[in-house]
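Structural features, examined
Chain by chain, the residues run as shown.
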Amino acid sequence: MVIVRRELTTTPTVLLAGVALLYFTAQLLIPTLGMGIGWDEAVYASQYAAHAPPAVYSAPRAQGVPLLVAPIVAITDEVVVLRLWLAVVSSAALFGAFAVWLRVRNHGVVPLAALLLAGCWLSVFYGNQAMPNLYVALGAVAATGFLLIGNPLGLGASMVLVSLMRPTDALALAVPLAAHALWRRGLREAAALAAGLAIGWGQWTVEAVTRFGGVAERLGAAGEHNDTGLTSTLGEHARALDGPALCRFGVECGGVPPALLIWWIAIPLAAGAGLWAARRTPWFRPLALATATAVAMALPYFFYVDYAAPRFLLPVYALLALPVATAALRAPKIAVIGVAAHLILQGAVAVAMSSGARADRDVMNAAAEELRPRIDGPCLIYGQGGAQLGYLLGCESQAIAQRFDDTMPARVQGFRDRGYDVIVTHRGVQPPAYTDGWDRLDLPGPWRARLG
């Protein structure tokens, strides 16, 4: 009898491990494993890379991702090795974050919630990319669980993770958690929250002073970069449900995809149903906290940041997966159909996004290989794809998003004066007039270069 009971109580753990393994496998099968490096990834990875100088590091960025990838980029420039490392880390993090919730409730609802999150196209697409949002999401799940079980050490560590990844997200996360801790008179938990925030924000503050000229200066630069202020981006988020990765000025976001819109609307409805189903049980308070935390983390991206990126909402989907899974288990037959539809729909988007991104980055990799023989000394890549090409070629870099400056940037001119080869790269954008007399080079696909 004891053996049977033990087997039953460990079943959710086994199921959760199975979900993590499936998530890892999906990352190997979807085309992201062989995908070249992206702009943000190149900036993060180059900070501690042995083969390339650090790319320009803008004010909104934080040190979490560079530290995460440092053990790999310090010893190899192979992007596929980096992808494998991140696939392992993200799968282990998925298991670890939801394993905390098995101590809140040792039940199949927890691995089902993990499956719902792992099945999102965002989780699959970004699982082995050097980006912060998935780790913010899993850190938020873990922090909420640790608070509920009264583990201040785990809570503090989770807050350190989130605040190193995205400090502003950590603030949004801390508000409902602190309110809950004080309501329950959990002074140790409140202290752990404060300590975790202090470590992440302390590092950010030191960096603000040493690299950006001060805290106010960094906050101002970050706000300008992220277009912050009272706004509403619900429409942009709806249009970006199936991509692109960024929906802001200058990017064609397309229309609202009907199937994804239905999926999106179903999430809060199902979460509400899960809360209603649990209203007279001890499970209600954990679900209510998860839901309140999801709302707190969604509000800044809906009403303060004036553009949309689907990955911003990963913490929201992660936390709402718990009440959604609760609702699903109340109607098993409907749940099977709903979960299957979720996985098929999201999987299709993951494949499409990954295939498109890989094709674009394969062309960029080919462009880098075409440029490599032209480089025989210190170099700087200036232009579109600057961060990625600089990382691949071991050059300094100065990337542009929309257009070139009318005059050569002081930083680029400074490197040129020091004898660096300056290579201007562009695709679909008019190169600057001051490069008209430079050597011209046609690269693979739409890429072009001017060598000065």
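Along each chain, numbering runs from 1 in the same order as the chain's sequence is written. Restriction of local features to residues with pLDDT of at least 70 applies here, the model being predicted, together with a cutoff of 80 or more for giving and counting side-chain atom pairs; totals for whole chains, interfaces and linings are based on all residues. No hydrogens and no water enter the side-chain calculation; it runs on all heavy atoms of the structure.

So, the side chain of Ser163
The following threshold applies: We count a stretch as a helix when DSSP gives it H or I for four or more residues in a row; a strand needs E for two or more, and each element gets its number in order from the N terminus. Contacts were defined at the residue level, with two residues in contact if any of their heavy atoms lie within 4.5 Å.
Relative to the helices and strands, Ser163 is located in helix H8 (residues 152-165). Apart from the residues lying within four places of it in its own chain, the contact partners of Ser163 are Ala170, Gly196, Leu197, Gly200 and Trp201.

Digging into the pattern of salt bridges
Put simply, the rule reads: The salt bridge criterion pairs a side-chain nitrogen of Lys or Arg with a carboxyl oxygen of Asp or Glu, the two atoms within 4 Å. For the exposure calls, accessible area comes from a 1.4 Å probe over protein chains only, and a residue counts as buried if that area is under 20% of its type's maximum, exposed if over 50%, partly exposed in between.
Following the criterion strictly, the structure yields 11 salt bridges and no others. The partner of Asp227 in a salt bridge is Arg248, and the shortest N-O contact between them spans 2.8 Å. Taken as a pair, Asp227 in the loop between helix H11 (215-225) and helix H12 (234-239) and Arg248 in the loop between H12 and helix H13 (258-277) lie far apart in primary sequence, 21 residues in all. On the basis of relative accessible area, Arg248 is assigned to the partly exposed category, the value being 22%. Residue Arg372 pairs with Glu369 through a salt bridge whose shortest N-O separation is 3.0 Å.

Brief notes about the environment of Leu269
As for its position among the elements, Leu269 is in helix H13. In sequence terms Leu269 and Val324 are 55 residues apart; their C-alpha atoms lie 8.4 Å from each other.

Topic: a nonpolar patch on the surface
This is how it is decided: Patches here are clusters of residues that have more than 30% relative accessible area and form no salt bridge, with a 9 Å joining cutoff for like charges and a 5 Å cutoff for nonpolar side chains (Val, Leu, Ile, Met, Phe, Trp, Tyr). Reported accessibility uses the Shrake-Rupley method at a 1.4 Å probe radius. Residues are deemed covered only where the shown protein chains occlude them.
A cluster of nonpolar side chains, contributed by Leu28, Leu29, Val80, Val81 and Leu84, occupies part of the molecular surface with about 400 Å² of accessible area. Residue assignment for the nonpolar patch shows that the elements contributing at least two residues are helix H1 (2-29) and helix H4 (79-102). For the nonpolar patch, the leading source of residues is H4, giving three residues. For Leu28, the location among the structural elements is in helix H1. Using a relative accessible area of 33% as the deciding quantity, one classes Leu28 as partly exposed.

Remarks on the state of the cysteines
Note on terminology: disulfide describes a covalent bond linking the sulfur atoms of two cysteines. Quick reminder of the rule: Note on terminology: pairs of cysteine sulfur atoms within 2.5 Å are recorded as disulfides.
A complete count under the given rule lists two disulfides for this structure. Note on cysteine connectivity: Cys247 is disulfide-linked to Cys253, with sulfurs 2.0 Å apart. With the S-S bond torsion at 120°, the cross-link from Cys247 to Cys253 turns out right-handed. Residue Cys247 shares its accessibility class with Cys253, and that shared class is buried. Residue pairing for Cys379: its cysteine sulfur links by disulfide to Cys395, the two sulfurs lying 1.9 Å apart. Where Cys379 bonds to Cys395 through sulfur, the torsion about that S-S bond is close to -85°, and the disulfide is left-handed. In this pair, Cys379 is assigned in strand E1 (residues 379-383) and Cys395 in the loop between helix H17 (386-393) and strand E2 (396-399), connecting sequence segments 16 residues apart.

Concerning the nonpolar core
To be explicit about the condition: Throughout, nonpolar core names a set of buried Ala, Val, Leu, Ile, Met, Phe, Trp, Tyr and Cys residues whose side chains join them through atoms within 4.5 Å.
Among the nonpolar cores identified, the biggest contains 115 residues, and Phe98, Leu155, Met159, Leu177 and Trp264 are the most heavily contacted of them. If one sorts the elements of this core by residue count, helix H7 (residues 133-149) sits on top with 12 residues. Not counting residues within four places of it along the chain, the set of residues in contact with Phe98 comprises Leu16, Val110, Ala113, Ala114, Leu117, Leu138, Val141, Ala318 and Leu322. Of all hydrophobic cores here, the second largest spans 16 residues; its members include Ala367, Leu389, Leu393 and Leu451.

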